Amino acid sequence: LDRYDNQFEKYIDSKFRITKNQTEDDYLIYDADDEVISNWLKKHSIQSSLLPFSLTKEVENGAYLDKENIIVTIDNNQIIMPTTNLSLEGKHNIKNAMAASTVAHLLKIRKQTIRESLENFQGVEHRLEYVLKINKVQYINDSKATNVNATYYALESMDAPTIWIVGGEDKGNNYEELFPFVNEKVKAIICLGVNNEKLKNAFKGMVDIMIETQFMSEAIKIAYKVAETGDNVLLSPACASFDLFENYEDRGRQFKNAVRNL
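Here's what I pulled together on the structure shown here.

So, how was this worked out
- Counting starts from 1 at the beginning of each chain's written sequence and moves along it residue by residue.
- In keeping with the model being predicted, local features are shown solely for residues with a pLDDT of at least 70 and side-chain atom pairs are shown and tallied solely at 80 or more, while totals for entire chains, interfaces and linings include all residues.
- Excluded from the side-chain calculations are hydrogens and water; all other atoms, namely the structure's heavy atoms, are used.
- A carboxyl oxygen of Asp or Glu within 4 Å of a side-chain nitrogen of Lys or Arg is what we treat as a salt bridge.
- Helix and strand assignments follow DSSP, with helices taken as H or I runs no shorter than four residues and strands as E runs no shorter than two, numbered in order from the N terminus.
- Relative accessibility decides the category of a residue: with a 1.4 Å probe and only protein chains considered, values under 20% of the type maximum give buried, values over 50% give exposed, and everything between is partly exposed.
- Without a salt bridge and with relative accessible area above 30%, a residue can belong to a patch; like charges are then joined within 9 Å and nonpolar side chains (Val, Leu, Ile, Met, Phe, Trp, Tyr) within 5 Å.
- For the accessible areas, the method is Shrake-Rupley and the probe is 1.4 Å, while residue cover comes only from the protein chains on display.
- Note on definitions: a residue-residue contact is assigned when non-hydrogen atoms from the two residues lie within 4.5 Å.
- Identification of polar contacts relies on pairs of N or O atoms within 3.5 Å, with a donor-acceptor requirement for protein atoms, meaning one able to donate a hydrogen and the other able to accept it, and with residues adjacent in sequence counted only if both atoms are side-chain atoms.

**Considerations on the pattern of salt bridges**
Two side chains with opposite charge may pair up if their charged atoms get near one another.
For step 1, the next point in the chain: Counting across every chain of the model gives 13 salt bridges.
For step 2, the next point in the chain: Here Asp-33 and Lys-95 are joined by a salt bridge, their closest N and O atoms 3.6 Å apart. Taken as a pair, Asp-33 in the loop between β1 (27–31) and α2 (35–43) and Lys-95 in helix α3 (residues 91–106) lie far apart in primary sequence, 62 residues in all.
For step 3, the next point in the chain: Judged by relative accessible area, which is 24%, Asp-33 ranks as partly exposed.
For step 4, the next point in the chain: Exposure remark for Lys-95: the relative accessible area of 11% places this residue in the buried category.
For step 5, the next point in the chain: Note that Asp-170 and Lys-198 form a salt bridge whose closest N and O atoms lie 3.2 Å from each other. Within this pair, whereas Asp-170 is found in the loop between β8 (162–166) and α6 (179–185), its partner Lys-198 is found in helix α7 (residues 197–203), the two being separated by 28 residues in sequence.
For step 6, the next point in the chain: Through salt bridges with shared partners, a single network forms among Asp-31, Asp-33, Lys-57 and Lys-95.

In structure tokens, the structure reads:
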């Protein structure tokens, strides 16, 4: 947002500029559960064919979730894929699978090939990357989460009490959408940044333990002391990395090295 004068509307308009180069022979595949996208499409006409995907509602053309199956339909040609076989966890990855499957279906890729690809796909480094389990505590590297939205999906996918390592260079973040997950799932917050005041003000009173540090090795040692059997330790910073690290890759690798050195 800092590149758009902290005006979300400017950010939205810049992203949708791609639709101005589309013709009636093109397709726009979009998240129909996102109010911002849906509201923009109601107010603007575009030439391309719309193919929505949704976790909450049935769509005629596009992709949707029916119980534990992804249904992708284009011109009455349908693919059905069970989500239980997806290699990546989390609702956001079901959406990613829907978007990718829709593209593949448009390109006439065989249904079996699409299914096998989704079942065998391995996640990228630094994106909800399961590093090690030590004393029955799972350490997860999500350093690529440099904004609140990415961290939203990371916290949403946590299925155990979580020690959350967060912080860095704030880009005008609004942390309110994380509050329900923090209240429900986070038992401790470790602030890892040069300036942690905004984080401390946002989440004060929500967790019993909030500690700040400027060293990854110390953050991991703190997490190790706080964690109990069955917990997760999640690095999902919601911020850029440039205050303490070269980039998010450097931050993620320091996290993994610190975990391996426990």
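Next, the rest of the story.
**A short note on a nonpolar patch on the surface**
For step 1, the next point in the chain: On the surface, Leu-1, Phe-8, Tyr-11 and Val-36 cluster together into a nonpolar patch covering about 300 Å² of accessible area.
For step 2, the next point in the chain: Mapped onto the elements of the fold, Val-36 is located in helix α2.

**Quick notes on helix α5 (residues 148–156)**
The periodicity of an α-helix, 3.6 residues per turn, causes residues three or four places apart in sequence to face the same way.
For step 1, the next point in the chain: Along α5, 7 of the 9 residues are buried, which leaves the element largely enclosed by surrounding structure.
For step 2, the next point in the chain: Looking at the buried positions of α5, the neighbouring elements they touch are α3, β8, α6, β9 (186–192) and β11 (232–235).
For step 3, the next point in the chain: Its side-chain oxygen at 3.2 Å from the backbone nitrogen of Asn-149, Asn-147 defines the N-terminal cap of α5.

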